[in-house]
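Working through the structure, step by step
Here is how the chains run, residue by residue.
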Amino acid sequence: RGDGYGYQTDYPPQDEDARSDATEGHDEDDQMYEGEYQGIPHPDEIKAAQRAARAEARKKARSAGEEEEEQLPEQYENIMEDCGHGRFQWTLFVVLGLALMADGVECFVVGFVLPSAEKDMCLSNADKGMLGLIVFVGMMMGAFVWGGLADKLGRRQCLIYALAINCIFAFLSSFAQGYGFFIFFRLCSGIGIGGSVPIVYTYFSEFLQMDKRGEHLSWLCMFWMFGGLYASFVAWGIIPHYGWGFSIGTEFQFHSWRVFVLVAFLPALAALIGLFFMPESPRYLLEVCRHDEAWMILRQVHDTNWKAKGEPERVFTVSQLKMPQENQEDEFIEIQSETGTAFQRFMVRQVTLVKQVMKNMMSLAGPTMRLNGLFLAIIWFTLAFSYYGLSVWFPDMVKYMQFEEYESKTKVFHREKVERFHFNFTLANQVHKEGEYIHDRFADMEIKSVKFEDSLFENCYFEDVRSTETFFENCTIKNTVFYNTDLWQEKFIDCRMENTTFLHPKKGCHLNFEEENDVLIYMVSFLGSLAVLPGNIISALFMDKMGRIKMIGGSMLVSAGCTFFLFVCFSPGAVITFQCLFYAASSAAWNGIEVITVELYPANKRATAFGVLNGICKLAAIISTFIFSKFVGITRIIPIILSFAALVCGGLLAMKLPETREAILQ
């Protein structure tokens, strides 16, 4: 095999007399770069100096017998420097940002619809818990699968497949009437969107030169924040509006929370459409020996950027591309494809593909990558454990504090006797003990958080009564009629019924969009997402100046300090304030760990490694959300100590990773 792959460019070398009109009349020696007046070096001079330094390093390596010639990674870096950073990268930035935004939206969807879905589909506490976790289960599976496939089938192709699956099943879930179908569709939707994070960062990094990589990957992270803002804002605007829906008979109901689910997948749909206009990563194409396609895409990037900068005469001068050190062609597939039926050839390809993906995953435990991979896995796990655990704990703690405050204002009535009275107003937050209600009428009213204990209802009439958290315990009910109410068996605990009639009862669960806490849920999520903005900006501006290691370690240690302030939070406002501080501090660590992950692994293992680590991240999210939710209302000590310990451990371990800000993508 030769050392490179040659090309006949469309631009023949120009003679002195064949220069374009654009350069006629100009003496190149007399032209002066505008920044020279201030002593600022020309960007081309900076690039030339960087290349000279790398060439000198190679010369020293050759003299020591360590390296024979320039390899593909260095050539690719030089090509990306020649292509520049411009219109092409910014277009790809927006498209991939929408895919990352879709991942952010997916993390919030179930949390927002759960209060409404649990009543619409009559979910038990166990069902609610499973629905909350199933999205992370799907995203974990998707990260492993799509990350591995992206190194074998291509970044763009796998991202299209992943987003298409997410869009299809998110759309179907909005129409699913039963719990079984809804949870299955959300699982499949999660599997689809699970591929977005590992592929997006891998894909985008391979179009960036070294000195732009840290900054622009950090800017890309902001789209995850936009996903949270979008989900919070849209949920706030749609879900409380009960009238934004329709029904077909009694079997098919499409309430406003389903409209929100439908709107939530629009970022994924926009990203999917945009990807059809984007090319495959040329770095991947070179790894699988598709040199012609890679060369054409690199030329497209070059011409697009320089044309947009007003220099269309710049020529793409690369005529020979280096070969990868490891040939990714699979001869086994080619041999088998010539024999057997179409189905047999298909099965051979799929089985071989699975074997290749598994082999690539196993190679991550090789001696050269094992230690750094272990450190990265621990850092991903500890950061996700504390972040997602507290993300569940914060809003639940706010709701619990509000519930405690609401419960402290409960009015208690002892041995009241009410006869021939017409109740047509709301009863809320009350306890009635040993009361007697004779010939009373309860009509067209709402009963919220009311409990009747050891009371007597005789010759009473209930009509068009709506109830929330209302129970009758150890009561005696005689000669009473319940007409068109939702007071049914589960509302009566150890009660004695004598000649009691239930007419046209509203069985099952019913939506209530007037709960006061609903708006607060959206507000907490909106502020939490917005708080990430300062951390994203700081990390983008200083990622290449401070380095990845200091950014990750410092951010995690500052976040650990923020968790200790939660011990002195005794009001919802204080919890929300320190939630925002924690999110702002931890966002830089997320940006840093995502940047260093793509830089530590070679091209043929980059998406696979990112997928495995992101899958570990989602596993940590599943574990922490389950644990932290159990301690709401019991103790705050354990969640805080667990978060603090995880962040300190991950932050200190990050200092052991190699710095990659001046490393060429391998």
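Residues numbered from 1 in each chain as written. Predicted model: local features only at pLDDT ≥ 70, side-chain atom pairs only at ≥ 80, totals over all residues. Heavy atoms only, no water.

The protein is annotated in an unreviewed UniProt entry as Major facilitator superfamily (MFS) profile domain-containing protein of Denticeps clupeoides. In its Sequence similarities (unreviewed entry) section, the UniProt entry covering the protein states "Belongs to the major facilitator superfamily." (UniProt positions renumbered as here; feature names shortened; annotations may be inferred.)

This part is about the overall build of the protein. Of regular secondary structure, the protein possesses 21 helices and 18 strands. Classification of the 666 residues of the protein by burial places 51% in the buried group. A fraction of 67% describes how many contacts in the protein between residues 6 or more apart in sequence connect residues 24 or more apart. Only carbon and sulfur atoms are counted for the fraction: they give 59% of the accessible area of the protein, which is about 30800 Å². (Helix = DSSP H or I, 4+ residues; strand = E, 2+ residues; numbered from the N terminus. Buried < 20%, exposed > 50% of the residue type's maximum accessible area, 1.4 Å probe, protein only. Contact = heavy atoms within 4.5 Å. Areas by Shrake-Rupley, 256 points an atom, 1.4 Å probe, with all protein chains shown as cover.)

Here we come to the environment of Glu215. Turning to its location among the elements, Glu215 is positioned in helix α8 (residues 210-238). Distance from Glu215 to Phe542, taken between C-alpha atoms, is 7.7 Å for residues 327 residues apart in sequence. Discounting residues that sit within four places of it in the chain, Glu215 has contacts with Ala540 and Asp544.

Of all 9 residues making up helix α9 (residues 256-264), 7 are buried, and the element is well covered by its neighbours. Of the positions making up α9, those classed as buried are Ser256, Trp257, Arg258, Val259, Phe260, Val261 and Ala264.

In the structure shown here, the tally under the stated rule is 4 cavities of 30 Å³ or more. There is about 240 Å³ of room inside the largest cavity. In terms of lining, the largest cavity is formed by 19 residues, of which the most central are Cys221, Trp224, Tyr387, Trp590 and Glu594. In terms of residue class, the lining of the largest cavity is made up of 11 nonpolar, 5 polar and 3 charged. Together, Ala102, Val105, Glu106, Val109, Asn166, Ala170, Arg186, Val261, Ala264, Phe265 and Ala268 line the second largest cavity. Of all the elements, helix α3 (residues 87-120) adds the most residues to the lining of the second largest cavity, at 4 residues. Considered class by class, the residues forming the lining of the second largest cavity number 8 nonpolar, 1 polar and 2 charged. (1 Å grid on protein atoms, 1.4 Å probe; cavity = no way out; pocket = protein on both sides within 12 Å on 5 of 7 lines; lining within 4 Å. Points joined across faces, edges and corners; volume = space filled by probe spheres on them. Nonpolar A, V, L, I, M, F, W, Y, C, P; charged D, E, K, R; others polar.)

Using the criterion set out here, one finds 14 salt bridges in the structure. The closest approach of N and O atoms between Lys451 and Glu453, which form a salt bridge, is 3.4 Å. The class of Lys451 is partly exposed, set by a relative accessible area of 29%. Three or more residues joined by partner-sharing salt bridges are found here, namely Asp151, Arg155, Glu206 and Arg606. (Salt bridge = Lys/Arg side-chain N within 4 Å of Asp/Glu carboxyl O.)

Let us now look at the packing of helix α7 (residues 196-205) against helix α20 (residues 606-630). Axis separation between α7 and α20 bottoms out at 8 Å; the angle between their running directions is 145°. When the axes of α7 and α20 are compared, the crossing they make is right-handed. Here Val197, Pro198, Tyr201, Thr202 and Ser205 of α7 lie close against α20, whose contacting residues are Arg606, Ala607, Phe610, Gly611 and Asn614. For the contact of α7 with α20, the per-class residue count stands at 5 nonpolar, 4 polar and 1 charged. (Axes fitted to C-alpha atoms, helices over the stretch in contact; angles between N-to-C directions. Left-handed = near helix turned anticlockwise from the far one by under 90°.)

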